[in-house]
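Okay, here's what each chain looks like letter by letter:
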Amino acid sequence: MFFETAHGMRPAPLIHNPFNALVCPRPIGWISTVDSSGAHNLAPFSYFNAVSSDPPYVVFAPNSPNANRTKDTYRNVNEVPEFVANFVSVADAEAMNASSKDYPHGADEFAACGIAAAPSRLVRPQRVAIAKAALECRVFQIVNLPKTPDGRQNNVVIGEVVGIHVADDVIVDGRVDEALLAPLSRLGYMNYGVLGRIFAMDRPA
Ligand SMILES: Cc1cc2nc3c(=O)[nH]c(=O)nc-3n(C[C@H](O)[C@H](O)[C@H](O)COP(=O)(O)O)c2cc1C
C-alpha cells in the first residue's frame with residue numbers, strides 16, 4: 001500500500017497510526033530535568049537518539065498532546081537548559097513505564113514511583129541511580145516544529161553530552177557489553193523489544 005500523510009495517518013486497512021511500528025526499534029531516553037524552583041522530573045521518550053559521537057549530541061522530542069498543554073520536560077528544559085538521558089535496561093521496564101504517567105506539574109516522578117536518584121556531576125538534574133548508563137547533557141538548541149491545525153506542537157531538544165556515566169559491571173575487556181546493558185527498545189503500539197542475536201560485520205575495505 002501507499003498513503004499520503006496529508007490525508008491522515010490511519011488509511012484502511014490500518015486501524016492505528018503505523019509510524020512507530022515502522023520506525024523501530026527506538027532506544028528510550030529516560031529524561032530527567034529540573035525546573036527553576038528545583039522540582040525534579042523524570043519521563044521516558046522514545047523519540048530519542050544520538051546524532052553524533054564526537055563530540056556527542058543527542059536529541060529527544062517532547063510533544064504536546066493538545067493545544068493547551070506542554071509536557072513538564074519541555075517546560076523544564078526551557079527554564080533550566082540541562083537534562084540527563086538515562087538508559088533503560090529491560091529490568092527497569094516497569095519503573096520506566098510508571099514514570100510515564102501524567103503527573104501534575106511539579107510532581108517528582110522519582111519520589112512518586114520509588115526510583116532512586118543520584119546526583120549528577122556537571123548538570124543540575126539528578127540521574128536515575130539504577131540506570132546502567134546516563135548522559136549528562138546541556139541543551140544546545142530547542143526546535144519547535146510547525147503547529148498542527150488543531151494547535152499541537154512537536155518539539156526537538158538537541159543536547160550536547162558533557163558527561164557520561166557507565167556502570168562498571170557492563171564494561172568487559174575495555175568495551176561496553178551491549179548484552180549486559182540489555183537496552184529496552186520501543187516498538188509500535190504497546191510493544192517493546194529486547195536485543196536478539198548480536199553479530200559483528202566489518203565495513204567494506
Ligand atoms: C516508552 C515510552 C516512550 C515515550 N516517548 C515519548 C516521546 O518520544 N515523546 C513524548 O512527547 N512523549 C513520550 N512518551 C510519553 C511521556 O513519557 C509522558 O507524556 C510523560 O507523562 C511526560 O512527562 P512530563 O510531562 O513529566 O514531561 C513516552 C512514554 C513511554 C512509556
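See the structure printed just above.
Computed from a predicted model, the values in this text were never measured in an experiment.

Draft legend 1. Focus on a nonpolar patch on the surface. Residues F19, L22, V23 and Y47 make up a contiguous nonpolar surface patch of about 390 Å² in total accessible area. Examined against the element boundaries, V23 turns out to sit in the loop between α1 (19–22) and β1 (26–27). Relative accessible area serves as the criterion here: at 43%, V23 is assigned to the partly exposed category.

Draft legend 2. Representation of the nonpolar core. Counting residues in each nonpolar core, the largest one holds 13 residues, and the members touching the most others are I31, V58, F60 and F83. Formed by ten residues, the second largest nonpolar core is a distinct cluster that contains W30, L42, A131 and L184.

Draft legend 3. The site of the ligand, seen in detail. Around the ligand sit 20 residues in total, of which P44, Y47, A61, N63 and T73 are the nearest. The backbone of D72 places a nitrogen or oxygen atom 3.0 Å from an oxygen atom of the ligand. Coverage of the ligand by the protein amounts to 87% of the 650 Å² it exposes when considered alone. Here the residues of the shell around the ligand are counted per class, giving eight nonpolar, six polar and six charged.

Definitions and limits used
- Residues numbered from 1 in each chain as written.
- Predicted model: local features only at pLDDT ≥ 70, side-chain atom pairs only at ≥ 80, totals over all residues.
- Heavy atoms only, no water.
- Patch = residues over 30% accessible without salt bridge, like charges linked within 9 Å, V, L, I, M, F, W, Y side chains within 5 Å.
- Areas by Shrake-Rupley, 256 points an atom, 1.4 Å probe, with all protein chains shown as cover.
- Salt bridge = Lys/Arg side-chain N within 4 Å of Asp/Glu carboxyl O.
- Helix = DSSP H or I, 4+ residues; strand = E, 2+ residues; numbered from the N terminus.
- Buried < 20%, exposed > 50% of the residue type's maximum accessible area, 1.4 Å probe, protein only.
- Core = buried A, V, L, I, M, F, W, Y, C linked by side-chain atoms within 4.5 Å.
- Near = heavy atom within 4 Å.
- Polar contact = N/O pair within 3.5 Å; in protein donor to acceptor, adjacent residues only side chain to side chain.
- Nonpolar A, V, L, I, M, F, W, Y, C, P; charged D, E, K, R; others polar.

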